[in-house]
Amino acid sequence: QATPEEEYRKVEIAETLLVEMQKMLSERNFDIMCRRYGIGNYNFPQTLESIGRVYGVTKERIRQVQRRAEKRLKTNQKLKDLLRNALYWVFLFFEF
């Protein structure tokens, strides 16, 4: 079981990643990504079709938005550094 410090650190990393994602994406695209991956205010991943119904577009359009957002996130150096830091803490907290 994780110590309180470890739990705090995990939450801090997750919140930091979400804040950076939010800065990089439009409000709509950020919401789509959160819905798609079950992060932020969403407890489980949603299907392309269900997200499309929310926004009144096709699942193919949601797929396009998702791909474009993922590409943008993958090319951001600050986000890469944060993810590298997050992986460091994952390996530190859990023995593999």
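The rules we used
Residues numbered from 1 in each chain as written. Predicted model: local features only at pLDDT ≥ 70, side-chain atom pairs only at ≥ 80, totals over all residues. Heavy atoms only, no water. Helix = DSSP H or I, 4+ residues; strand = E, 2+ residues; numbered from the N terminus. Buried < 20%, exposed > 50% of the residue type's maximum accessible area, 1.4 Å probe, protein only. Contact = heavy atoms within 4.5 Å. Areas by Shrake-Rupley, 256 points an atom, 1.4 Å probe, with all protein chains shown as cover. Lys, Arg positive; Asp, Glu negative; His and termini not counted. Charge placed at Lys NZ, Arg CZ, Asp CG, Glu CD. Salt bridge = Lys/Arg side-chain N within 4 Å of Asp/Glu carboxyl O. pLDDT = per-residue confidence, 0-100.

1. What to know about the overall build of the protein
Inference 1: Scanning the protein from terminus to terminus reveals five helices and zero strands.
Inference 2: Secondary structure elements in the protein, listed N-terminal to C-terminal, are α-α-α-α-α.
Inference 3: Along the first, second and third principal axes, the C-alpha atoms of the protein reach 45 × 30 × 25 Å.
Inference 4: Counting only residues that meet the buried cut, the protein has 34% of its 96 residues in that class.
Inference 5: Here the analysis covers contacts within the protein between residues at least 6 apart in sequence; of these, 48% occur between residues at least 24 apart.
Inference 6: Element-wise, carbon and sulfur atoms account for 55% of the exposed surface of the protein, whose accessible area totals about 7,000 Å².
Inference 7: Averaging the coordinates of the 18 positive side-chain charges in the protein and doing the same for the 13 negative ones gives two points 12 Å apart.

2. A closer look at the pattern of salt bridges
Inference 1: Counted according to the given criterion, the structure contains five salt bridges.
Inference 2: The shortest N-O distance in the salt bridge between Lys78 and Glu20 comes to 3.4 Å. Of this pair, Lys78 sits in helix H5 (residues 77-93) while Glu20 sits in helix H1 (residues 4-24), placing them 58 residues apart in sequence.
Inference 3: When salt bridges that share partners are traced, they join Glu20, Lys23 and Lys78 into one network.

3. Section: the environment of Gln22
Inference 1: Mapped onto the fold, Gln22 is located in helix H1.
Inference 2: Placed 14 residues apart in sequence, Gln22 and Tyr8 show a C-alpha to C-alpha distance of 21 Å.

4. Observations concerning the environment of Asp81
Inference 1: Turning to its location among the elements, Asp81 is positioned in helix H5.
Inference 2: For Asp81, a relative accessible area of 36% translates into the label partly exposed.
Inference 3: Taking the C-alpha atoms as reference, Asp81 lies 13 Å from Met21; in sequence the two are 60 residues apart.

5. Overview of the confidence of the model for the protein
Inference 1: When pLDDT is averaged along the protein, the result is 87, and 91% of the positions lie at 70 or above.
Inference 2: Mean pLDDT values for the elements of the protein range from 75 in H5 up to 98 in helix H3 (residues 48-55).

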